[in-house]
Amino acid sequence: MTAPRGALRLADGLSLMAARLSELGIVAMTVLLTYEVVARYVFRAPTHWTSDVATTVMIWLTFLAMGYCLREGHMIRITAVIGQLPPAGRKAAEALSLIAILLFSVFVLWVTSRAMMDSIAFGRRQPSMLRMPTWIAELPIILGFAILALQALAELIRLPGRPAPEFSSAAEQELPPVVPEAPR
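It should be emphasised that the depicted structure is a prediction, and the values quoted were computed from it without experimental measurement.

Caption draft 1: A look at the overall build of the protein. Scanning the protein from terminus to terminus reveals six helices and zero strands. Secondary structure elements of the protein occur, N-terminal to C-terminal, as α-α-α-α-α-α. Relative to its full complement of 184 residues, the protein shows a buried share of 33%. Within the protein, residue pairs in contact and separated by at least 24 positions form 73% of the contacts whose partners lie at least 6 positions apart. Counting every atom, the protein has about 12,300 Å² of accessible surface; 71% of that belongs to carbon and sulfur.

Rendered as structure tokens:
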């Protein structure tokens, strides 16, 4: 029984590590764009590289965070129908969605891996100022979907031992309601 628990911990650990890297990516992207604004508007010396690098960082942070989003239940859901189902139906719907995520992730891995190998073999470059190799922007898709597939599998393995997911409109809205300000 230790092997499955170890595999589940591995999936969770990879998702968490990738999410932490995504957090660093947000900081890096913020620093890059702030640098560009200061260079452009304070020193009148715009850069030619910050936009390309920031876009690539954004691709990395977006795809790397997917597994963690699934693990924490932050994927977008449409629950109008499945929220009305009994617990067994909600659990079955959850299993179906996890299977769909797993299968789609494997498909994307297959397609993107082949595309990245072609990019490396043919020396493809991004059509931008820096002309970075395209595999730099393709690799996070592969890593992100690999982590997402592992996390979907881990959640699928855990599902029988968990209670059925709850879908209430109040639980899905974490932000407090906006209260209009009184006129002055």
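Caption draft 2: View of the packing of helix α2 (residues 50–64) against helix α5 (residues 135–158). Running from N to C, α2 and α5 cross one another at 10°; their axes reach a closest spacing of 8 Å. By the angle class used here, α2 and α5 are roughly parallel. Contacts between α2 and α5 pair T56, I59, W60, F63 and L64 from the former with I136, A137, L139, P140, I141, L143, G144 and F145 from the latter.

Caption draft 3: Spotlight on α2. Compared with the 21 Å implied by 1.5 Å per residue over 15 residues, the 21 Å span of α2 between its first and last C-alpha is a close match. If you check which residues of α2 are buried, you get T50, D52, A54, T56, V57, L61 and L64.

Caption draft 4: Molecular detail of the side chain of E138. Mapping E138 onto the fold places it in helix α5. Contact partners of E138, with chain neighbours within four places excluded, come to T112, A115, M116 and S119.

Caption draft 5: The arrangement of the layout of surface pockets in detail. The calculated volume of the second largest pocket comes to roughly 170 Å³. Along its surface, the second largest pocket is lined by L70, M75, I76, R77, I78, I82, A93, E94, S97, L98, I101 and F167. Looking at the lining of the second largest pocket, the element that brings in the most residues is helix α4 (residues 87–122), giving five residues. Across the lining of the second largest pocket, the residue classes break down as nine nonpolar, one polar and two charged.

Caption draft 6: Here's a closer look at the environment of I147. The residue I147 is located in helix α5 in this model. Measuring from C-alpha to C-alpha, the distance between I147 and Y68 comes to 8.6 Å, with 79 residues separating the pair along the chain. Contacts of I147, omitting those with residues within four sequence positions, involve L14, S15, A18 and G67.

Caption draft 7: Representation of the UniProt feature "transmembrane region" (unreviewed entry) in the protein within the structure. Cross-referencing UniProt, the feature "transmembrane region" (unreviewed entry) maps to residues 21–43, 49–71, 92–112 and 132–153 in the present numbering. Segment residues 92–112 splits into 100% helix and 0% strand. End C-alpha atoms: 30 Å apart. Along residues 132–153 one finds 86% helix and 0% strand; the C-alpha atoms at either end are 34 Å apart.

Caption draft 8: Layout of the nonpolar core. The biggest cluster of nonpolar side chains holds 15 residues, and the ones touching the most others in it are L70, F145 and L148. Secondary structure elements with two or more residues in this core: α3 (66–71), α4 and α5. Sequence-distant contacts of L148, that is, excluding residues within four places in its chain, are made with M66, G67, L70, M75, I101 and S105. Residues L32, A54, V57 and L61 belong to the second largest nonpolar core, which totals five residues.

About the cut-offs
Residues numbered from 1 in each chain as written. Predicted model: local features only at pLDDT ≥ 70, side-chain atom pairs only at ≥ 80, totals over all residues. Heavy atoms only, no water. Helix = DSSP H or I, 4+ residues; strand = E, 2+ residues; numbered from the N terminus. Buried < 20%, exposed > 50% of the residue type's maximum accessible area, 1.4 Å probe, protein only. Contact = heavy atoms within 4.5 Å. Areas by Shrake-Rupley, 256 points an atom, 1.4 Å probe, with all protein chains shown as cover. Axes fitted to C-alpha atoms, helices over the stretch in contact; angles between N-to-C directions. Parallel < 35°, antiparallel > 145°, perpendicular 65-115°, else oblique. Expected span 1.5 Å × (residues − 1). 1 Å grid on protein atoms, 1.4 Å probe; cavity = no way out; pocket = protein on both sides within 12 Å on 5 of 7 lines; lining within 4 Å. Points joined across faces, edges and corners; volume = space filled by probe spheres on them. Nonpolar A, V, L, I, M, F, W, Y, C, P; charged D, E, K, R; others polar. UniProt positions renumbered as here; feature names shortened; annotations may be inferred. Core = buried A, V, L, I, M, F, W, Y, C linked by side-chain atoms within 4.5 Å.

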